[in-house]
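# Chains, contacts and geometry: an overview
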Amino acid sequence: MIKMTFSKKEILFIAIAFFLILQVPKVSASLSVSWSVLDEQVRPGGETTILLTFSNPTTLSISNIKVNVYAENYLTPYPTYFEIGSLSPGFSQQTSIKVKVSWNAPSSISFVTLRIEYYEMSGRKELSLNIPINIKALPILQIEDVNFSKERIEPGNSLLLSFYLSNKGDGSAKDITIKLNQSLITSETGEIFIPEIKPKERVLIQIPITVNPSLQIGIYPLPLIITYWDETKSQYYSEIKTISLKLSGKYTFIVTLEDQDILTPASEGLIEIKIANAGTQEAKFLYLTFSYDFPIKELTPSIVYVGNLDPDDYDSEVLKLKISENVLPGYYPLNMTLNFEDVYGNEYSETYILNLRISEKVEKLNIFYFSIVLICLIAFLLILKFYKRTKRKK
């Protein structure tokens, strides 16, 4: 057996050499990938962009970088494959990926996954990244098809207000409440609760109301307070939507046949018609139309434009008539229609019946004989008076 002995100097040299060997750095390359999503939230049907930065922070080259892109349900990335090539030490390269979100995607966090393959001095390496995409489906509630059960609403009226609450968004609205501001109206219906309205759905709302009788004619905003949650119940909404309430006055017309000539078969004559506005609202662009039948043969004018007729005001019109032959004495109807608009441009029409009197025709021969008798009577009275005066003088 050989026994080795070392001097103190030799032992010190060996120790220093071993220490220096341990201090030699291990040189290797490592790919660094950083990312950012352009949009914090993405709506269903929307699109976003992932920005990627590939960096080589080492002192050795990285080569043959290949990237495969995968995505979960409701996400469609493009491109799904691309190559970077090589990165020299200290260099970086940027690129981007587009991500499309499906129209029917619910609110969720879905991931785009990158499978990265590259080569360095020690051989083939792999890197995997999961990038979250925040899908946010939002509800958008709108009021549609507002309807009042009365065409013309007056102060103090009781009626039914109906409308549809429609979800125009891409996420469900949950725990919806509807409350009607009762400063202009009163209603026994309290707060209305709807559990859920899904996208593209709408719900019919009906509320019986009574209009404040002290309101004046005009257009009033009727506020509705609507509150709800999104489909994940993470976001709360409170909105005020308005419905236009149009208040009108009363229309009360008094139509009379003020005067008429003596009308007989085969005759012509004039009639005078009076239209009075006994209501509380102006009738705008008022015009009259007439419809007639036997025994009226002709009526002129058949359309009469009156214009605006204020409350407590009236208008008179004179018409010319021709009466048919072979008509019996009596009363015959003449139909007159009032056509007008209110202050909001709504059109109305009301029909009234005027009764015309047709008298019996007096024959010309009878008039001749009557005239002779009348003349003879006058002559007789004159002679009698003269005779009495002569007799007194004697």
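Presented here is a report on the structure given in the accompanying data block. In this text the structure is predicted, and so the values were computed from the model without any measurement.

Our next topic: the overall build of the protein. Counting its secondary structure elements, the protein contains two helices and 24 strands. Here the protein holds 394 residues, and 36% of them are scored as buried. Intrachain contacts of the protein at a sequence separation of at least 6 include 67% that bridge at least 24 residues. Accessible surface for the protein amounts to roughly 24,500 Å². Of this, 55% is attributable to carbon and sulfur atoms.

Right, let's talk about unusual backbone geometry for a bit. What is expected of a backbone is that most residues other than glycine have negative phi and most peptide bonds are trans. Look at the link from Tyr-78 to Pro-79: it is a cis peptide, with omega at 0°. With respect to the helices and strands, Pro-79 occurs in the loop between β4 (75-78) and β5 (81-87). Here the residue pair Phe-294 and Pro-295 is connected by a cis peptide bond, since its omega of 15° sits within 30 degrees of zero. Summarising the element assignment, Pro-295 is placed in the loop between β19 (283-291) and β20 (296-300). Located in the positive-phi region is Tyr-74, a residue other than glycine, with phi close to 75°. By relative accessible area, which is 34% here, Tyr-74 ends up partly exposed. At Ala-266, a position not held by glycine, the phi torsion is positive, near 65°.

A separate point is the pattern of salt bridges. Summed over all chains, the structure comprises 14 salt bridges. For Arg-124, the salt bridge identified is with Glu-126, shortest N-O distance 2.6 Å. For Glu-126, a relative accessible area of 57% translates into the label exposed. One salt bridge connects Arg-202 with Glu-144, and the closest N-O pair in it is separated by 3.3 Å.

Parameters and conventions
- Residues numbered from 1 in each chain as written.
- Predicted model: local features only at pLDDT ≥ 70, side-chain atom pairs only at ≥ 80, totals over all residues.
- Heavy atoms only, no water.
- Helix = DSSP H or I, 4+ residues; strand = E, 2+ residues; numbered from the N terminus.
- Buried < 20%, exposed > 50% of the residue type's maximum accessible area, 1.4 Å probe, protein only.
- Contact = heavy atoms within 4.5 Å.
- Areas by Shrake-Rupley, 256 points an atom, 1.4 Å probe, with all protein chains shown as cover.
- Salt bridge = Lys/Arg side-chain N within 4 Å of Asp/Glu carboxyl O.

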